[in-house]
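A structural walkthrough
Here is what each chain is made of, one letter per residue.
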Amino acid sequence: MKEPEPSADITKPLPLPSRSQGSFLSEEWIVLIIAIISGFLTPFDGSATNIALPFISGEFHMDAVSLSWVATAYLLASALVIVPFGKIADIHGRKKVFLAGLSIFTIASLLMTMVPSTPALIGMRVLQGAGSGMIFGTAVAILTSVVPKQRRGRALGIYITSVYLGLTLGPPLGGLLTQYFGWRSIFLVNVPIGVTAVLLVLWKLKGEWAECGGERFDLVGSLIYAVGLVAVMYGFSQLPSSAGGALVVAGLVTISAFIWYEQRIPTPVLDMRLFGENRVFLFSNLAALINYSATFAVTFLLSLDLQYTKGFTPEHAGMILVAQAFMMMIVSPVAGWLSDRIEPRVVASIGMGCTALGLGLFSLFLNESTPLWSILSILVLLGIGAGLFSSPNTNAIMSAVDKRFYGVASGMNGTMRLLGQMLSMGIASMIFAIVIGRVEITSAFYPQFITSVHYAFVLFTILCIAGIYASYARGNTH
């Protein structure tokens with residue numbers, strides 16, 4: 001396909017081809033069902049794994065910083081592949097990449113049940129993360145390709161509801177599985193779900209949606225991007241050491257080189273015009289980055305707090321944490337529906353405000369004696385905030401670009417989510433390293449642990465307040 005001229009309008013989606021209403025709805029629902037299954041799978045794995053972390057730590061004798069890499073390795077691998085494979089999907093077909101991602105994730109989940117050591121555990125989490133990135137980098141793009149703009153917010157709301165359903169069921173089911181069958185059973189559950197999704201794709205998903213067929217893939221740019229991202233995130237986890245600081249600086253320089261390079265080649269893996277000429281796309285992605293940076297580590301920190309300092313079992317801790325994800329699941333489809341009718345920035349900014357308030361309350365009141373009703377109330381508020389933010393923000397991102405950029409836009413949306421999640425975990429790891437040190441969390445270190453959690457929530461609150469501006473400043477999309 002011919003590369004568009006620099007003056008091409010990339011701010012509006014192309015009209016969808018006309019189809020009969022019946023066949024279009026049939027395809028629309030097939031794609032939505034497949035997206036729902038895949039949308040449930042990876043968040044369920046992540047939230048269930050968070051509940052199992054104390055048991056994983058006990059088996060492999062991992063310190064607090066190493067334990068955080070069970071989540072961070074997964075996120076880093078996802079972030080490394082999501083933009084390059086989003087572009088590969090635009091060139092060679094989104095179905096191919098989506099199917100490959102589902103297969104890799106399912107196989108890695110099976111192998112997770114057999115890992116004998118910490119390095120093997122981290123290695124399989126990397127493989128899982130790569131599969132997850134390929135899934136998330138194409139699922140939203142396929143859904144956006146099929147669903148017309150006037151129903152897109154509702155469809156994305158339903159899809160994101162499935163993501164939150166995975167987050168909702170992850171803690172209680174993860175707690176039950178860990179307590180009664182061991183932590184490895186969490187990953188075994190992924191296998192039949194993944195196999196079901198693969199079979200549905202092979203049986204029912206007929207399109208490929210390759211709007212950039214014939215373009216060359218930017219391998220050099222993808223490698224520069226990967227090196228920069230690994231340096232930043234690994235260096236961040238090594239702070240406050242001088243080596244960690246040097247790696248972060250080197251990574252930022254490499255990412256700057258990536259941006260310079262991408263502006264000078266005809267077929268970049270990431271078209272920088274999407275940011276330079278599109279305010280809605282730029283600020284919507286920035287808002288997503290800030291939101292996930294401020295919220296992802298909340299479940300990680302509270303899971304440890306509830307089990308270590310408050311003595312809850314994994315089962316009970318999971319039932320408490322489900323409050324936030326349950327509210328996300330309830331609110332998200334309503335927020336998606338609203339974003340089809342009023343400006344997404346209004347709904348998303350209200351959600352960001354609720355999130356900032358909830359994080360601020362945790363920074364003020366969470367300690368060894370905080371009553372359970374108080375924790376649950378704040379989790380409900382955080383769930384409402386996240387539900388109001390995610391669907392409208394995703395709708396704004398995908399509606400702001402031309403159809404040929406759906407794969408890259410979906411990948412960038414996923415990248416902001418993953419980068420934010422990694423930064424959130426990186427902040428938690430850095431605070432642990434400074435306050436506690438590289439030691440296993442035992443009762444002797446509970447006071448330092450509580451102090452670490454307090455500092456983390458203070459930083460997250462400040463981030464989210466800044467995010468309110470980024471969300472509202474994006475401008476109008478309707």
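Coordinates for the structure precede this section.
These notes cover the structure that comes with them. No experiment lies behind these values; they were computed from the predicted model shown. Every chain begins its residue count from 1, and numbering advances along the sequence as written. The predicted origin of the model limits local features to residues at a pLDDT of at least 70 and limits the giving and counting of side-chain atom pairs to 80 or more, whereas totals for whole chains, interfaces and linings rest on all residues. With hydrogens and water set aside, each side-chain value is computed from the structure's full complement of heavy atoms.

1. Some remarks on the overall build of the protein chain
Our working definition: Each helix corresponds to a stretch of at least 4 residues labelled H or I by DSSP, and each strand to a stretch of at least 2 residues labelled E; elements are numbered beginning at the N terminus. Radius of gyration: C-alpha atoms only; globule rule: 2.2 Å multiplied by the number of residues to the exponent 0.38. Burial here depends on accessible area, computed with a 1.4 Å probe over protein chains only, as a share of the maximum for the residue type. Under 20% is buried, over 50% is exposed, and the range in between is partly exposed. When checking whether two residues touch, look at their non-hydrogen atoms; a contact exists if any pair is within 4.5 Å. The charge count includes Lys and Arg as positive and Asp and Glu as negative, but it does not include His or the ends of the chains. A charge is said to be at NZ when it belongs to Lys, at CZ for Arg, at CG for Asp and at CD for Glu.
Helix and strand counts for the protein chain stand at 16 helices and zero strands. Here the protein chain has a C-alpha radius of gyration of 21 Å; the compact-globule value for 478 residues is 23 Å, and the two agree. Seen along its three principal axes, the alpha-carbon backbone of the protein chain occupies a region of about 65 × 50 × 45 Å. Relative to its 478 residues, the protein chain shows a buried fraction of 61%. The contacts of the protein chain with a sequence gap of at least 6 include a subset with a gap of at least 24, amounting to 86%. Looking at the protein chain, you have 27 positive and 23 negative side-chain charges, and the mean spots of the two groups are 6 Å apart.

2. Some remarks on the environment of D218
Just so we agree on the cut-off: Whenever two N or O atoms come within 3.5 Å, that pair is a polar contact, provided that in protein one can donate a hydrogen and the other can accept it, and provided that, for residues adjacent in sequence, both atoms are side-chain atoms.
Mapped onto the elements of the fold, D218 is located in the loop between α6 (184-204) and α7 (219-238). Residue D218 is classed as buried on the basis of its relative accessible area, which comes to 6%. Considered as a pair, D218 and P84 are 134 residues apart in the sequence and their alpha carbons are 8.2 Å apart. When near neighbours in sequence (up to four residues on either side) are disregarded, D218 contacts Y261, E262, I265, T267, P268 and V269. There is a polar contact of 3.3 Å between the side chain of D218 and the backbone nitrogen of V269.

3. Structural notes on the packing of helix α5 (residues 149-181) against α6
A pair of packed helices is characterised by two quantities: the angle between their axes and the separation of those axes. Threshold: Inter-axis angles, ranging from 0 to 180 degrees, are taken between N-to-C directions of lines fitted to C-alpha atoms, where helices are fitted over the stretch in contact. When describing relative orientation, an angle under 35 degrees is termed roughly parallel and one over 145 degrees roughly antiparallel, while 65 to 115 degrees is termed roughly perpendicular and anything else oblique. Amino acids are sorted into nonpolar (Ala, Val, Leu, Ile, Met, Phe, Trp, Tyr, Cys and Pro), charged (Asp, Glu, Lys and Arg) and polar (every other residue, Gly among them).
At their nearest, the axes of α5 and α6 sit 7 Å apart, and the two run at 120° to each other. As judged from the angle between their axes, α5 and α6 are oblique. Residues G174, L177, T178 and F181 of α5 lie in contact with α6, whose contacting residues are S185, I186 and V189. Residues of the contact of α5 with α6, tallied by class, amount to four nonpolar, three polar and no charged.

4. Section: a nonpolar patch on the surface
Definition in use: Every patch collects residues that have over 30% relative accessible area and no salt bridge, joining them within 9 Å if they carry like charges and within 5 Å if they are nonpolar side chains (Val, Leu, Ile, Met, Phe, Trp, Tyr). All accessible areas in this document rest on Shrake-Rupley with a 1.4 Å probe, and a residue is counted as covered only by the protein chains that are shown. A pair is scored as a salt bridge if a Lys or Arg side-chain nitrogen falls within 4 Å of a carboxyl oxygen belonging to Asp or Glu.
Together, I107, L110, L111, M114, L127 and L188 make up an exposed nonpolar region whose accessible area comes to about 510 Å². Looking at which element gives the most residues to the nonpolar patch, the answer is helix α3 (residues 94-112), with three residues. For L110, the position within the fold is in helix α3.

5. Some remarks on empty space enclosed by the protein
What counts, and what does not: Cavities and pockets are found on a 1 Å grid laid over the protein atoms alone: a cavity is a set of points where a 1.4 Å probe fits but cannot escape, a pocket is an open set with protein on both sides within 12 Å along at least five of seven lines, and a lining residue has an atom within 4 Å of such a point. Grid points are joined across faces, edges and corners, and a volume is the space filled by probe spheres set on the points.
What the rule picks out here adds up to two cavities of 30 Å³ or more. Quantified by volume, the largest cavity comes out at close to 810 Å³. V163, L167, Y292, R417 and Q421 are the residues nearest the centre of the largest cavity, which is lined by 42 residues in total. Ranked by residue count, the leading element in the lining of the largest cavity is α5, at seven residues.

6. Things to note about the packing of helix α10 (residues 279-295) against helix α13 (residues 344-365)
What counts here: Crossing chirality is assigned from the near helix's rotation relative to the far helix, an anticlockwise turn below a right angle marking it left-handed and a clockwise turn marking it right-handed.
Relative orientation of the contacting elements α10 and α13 amounts to 25°, with a least axis distance of 11 Å. Between α10 and α13, the crossing angle belongs to the class labelled roughly parallel. Helix-helix and strand crossings are classified by hand; for α10 and α13 the assignment is left-handed. Along its contact with α10, which presents A287, N291, A294 and T295, the element α13 presents M352, T355 and L359.

7. Quick notes on helix α8 (residues 242-262)
This is how the line gets drawn: Here the expected length of a helix is defined as 1.5 Å per residue gap, with one fewer gap than residues. In this context, the arc is that of the directions from the helix axis out to the C-beta atoms.
Here α8 is 21 residues long and its end C-alpha atoms lie 30 Å apart, about the 30 Å a rise of 1.5 Å per residue gives. Considered for burial, the residues of α8 that qualify are G244, V248, G251, F258 and E262. The buried residues of α8 all sit within an arc of 80° when viewed along its axis, so they share a single face. Exposed residues pointing more than 90 degrees away from the buried face of α8 are listed as S242, V249, V253 and W260.

8. Some words on the pattern of salt bridges
Within this structure, the stated rule accounts for four salt bridges. Of the charged contacts, one joins E59 and R184 as a salt bridge, the two residues approaching to 2.7 Å between their closest N and O atoms. In this pair, E59 sits in helix α1 (residues 21-60) while R184 sits in helix α6, placing the two residues 125 residues apart along the sequence. The class for E59 is partly exposed, based on a relative accessible area of 38%. Judged by its relative accessible area of 21%, R184 is partly exposed. Notably, a salt bridge pairs K310 with D305, separated by 2.8 Å at the nearest N-O pair. Since its relative accessible area comes to 0%, D305 is described here as buried.

9. Overview of the packing of aromatic side chains
Put simply, the test is: Here a Phe, Tyr or Trp ring, Trp counted by its six-membered ring, pairs with any other such ring whose centre lies within 6.5 Å, and the pair is stacked when the planes are under 30 degrees apart, edge-to-face when over 60, and tilted otherwise. Lysine NZ or arginine CZ positioned within 6 Å of the ring centre and within 35 degrees of the ring normal marks a charge as sitting over the ring.
Throughout the structure, instances matching the rule amount to 11 aromatic pairs. Aromatic side chains Y225 and F258 sit 5.4 Å apart centroid to centroid with 50° between the ring planes, which places their arrangement in the tilted category. In this pair, Y225 sits in helix α7 while F258 sits in helix α8, placing the two residues 33 residues apart along the sequence. Pair check on accessibility: Y225 and F258 agree, each one buried. Three or more aromatic residues joined by ring pairs make a cluster, and in this case those are F300, Y308, F432, Y446 and F449. A cation over a ring is seen here: R345 above Y472, with NZ or CZ 4.3 Å from the ring centre.

10. Comments concerning the layout of surface pockets
One number sums up the size of the largest pocket: a volume of about 500 Å³. Every residue lining the largest pocket is counted, 20 residues in all, and those nearest its centre are I255, I259, L289, M416 and L419. Looking at the lining of the largest pocket element by element, the count peaks at five residues for helix α15 (residues 406-435).

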